[in-house]
Amino acid sequence: QVQLVESGGGLVQAGGSLRLSCAASGLTFSSYPMGWFRQAPGKEREFVSGMHWIGGNTFYADSVKGRFTISRDNAKNTVYLQMNSLKPEDTAVYYCAARKALGSVSYRDDDYDYWGQGTQVTVSS
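Here is what the cut-offs are and how they apply
- Residues numbered from 1 in each chain as written.
- Predicted model: local features only at pLDDT ≥ 70, side-chain atom pairs only at ≥ 80, totals over all residues.
- Heavy atoms only, no water.
- Disulfide = S-S within 2.5 Å.
- Helix = DSSP H or I, 4+ residues; strand = E, 2+ residues; numbered from the N terminus.
- Buried < 20%, exposed > 50% of the residue type's maximum accessible area, 1.4 Å probe, protein only.
- Phe/Tyr/Trp six-rings, centres within 6.5 Å; stacked < 30°, edge-to-face > 60°.
- Lys NZ or Arg CZ within 6 Å of the ring centre and 35° of its normal.

Q: Please clarify how the state of the cysteines should be interpreted in this entry.
A: The bond known as a disulfide is covalent and runs between the sulfur atoms of two cysteines. Counted according to the given criterion, the structure contains one disulfide. Note on cysteine connectivity: Cys22 is disulfide-linked to Cys96, with sulfurs 1.9 Å apart. Measuring the twist about the S-S bond at about 45°, one finds the Cys22-Cys96 disulfide to be right-handed. Taken together, the residues span a long stretch of sequence, with Cys22 in strand β3 (residues 18-25) and Cys96 in strand β9 (residues 92-99) at a distance of 74 residues. Relative accessible area serves as the criterion here: at 0%, Cys22 is assigned to the buried category.

This is the structure in structure tokens:
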């Protein structure tokens, strides 16, 4: 059974930083492209960042480029999202997701097969 468990969310002031973690189990983690998405109240879920399973290619939404960094540790079956220079508009529930093995990163949430439960990030002004 595949499980993705996010952690690291919380309340932070604007300009601050948080690091989200997503621990995966039940899959060959190193073969799965991973993504981070977020959903703010009243808005649709949106792509934040993704990372290929091989080669380390990374992808970012324009709104977070230069501020967020995705990384993965295949030995720990964990993907991270380092978030710096946080803004109030970054407030959302953040989800990690795994796409089918050996696939590519997608910006579409319905292309992902497995999802975590989400972690709340709140940025105060």
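Q: Sorry if this is basic, but what is going on with the packing of aromatic side chains here?
A: What characterises a pair of aromatic rings is the spacing of the ring centres plus the angle enclosed by the ring planes. This structure, assessed with the given rule, holds eight aromatic pairs. Relative to Tyr114, the ring of Tyr32 has its centre 6.3 Å away and its plane inclined at 55°; by these criteria the two rings are tilted. Pair noted here: Tyr32 is in the loop between β3 and β4 (34-39) and Tyr114 is in strand β10 (residues 112-115), with a separation of 82 residues, a long-range link. Three or more aromatic residues link up through ring pairs in this structure, and these residues are Phe37, Phe47, Phe59, Tyr95, Tyr107, Tyr112 and Trp115. A cation over a ring is seen here: Arg45 above Tyr95, with NZ or CZ 5.5 Å from the ring centre. For Arg45, the ring lying beneath its charged end belongs to Trp115, and the centroid distance is 3.8 Å.

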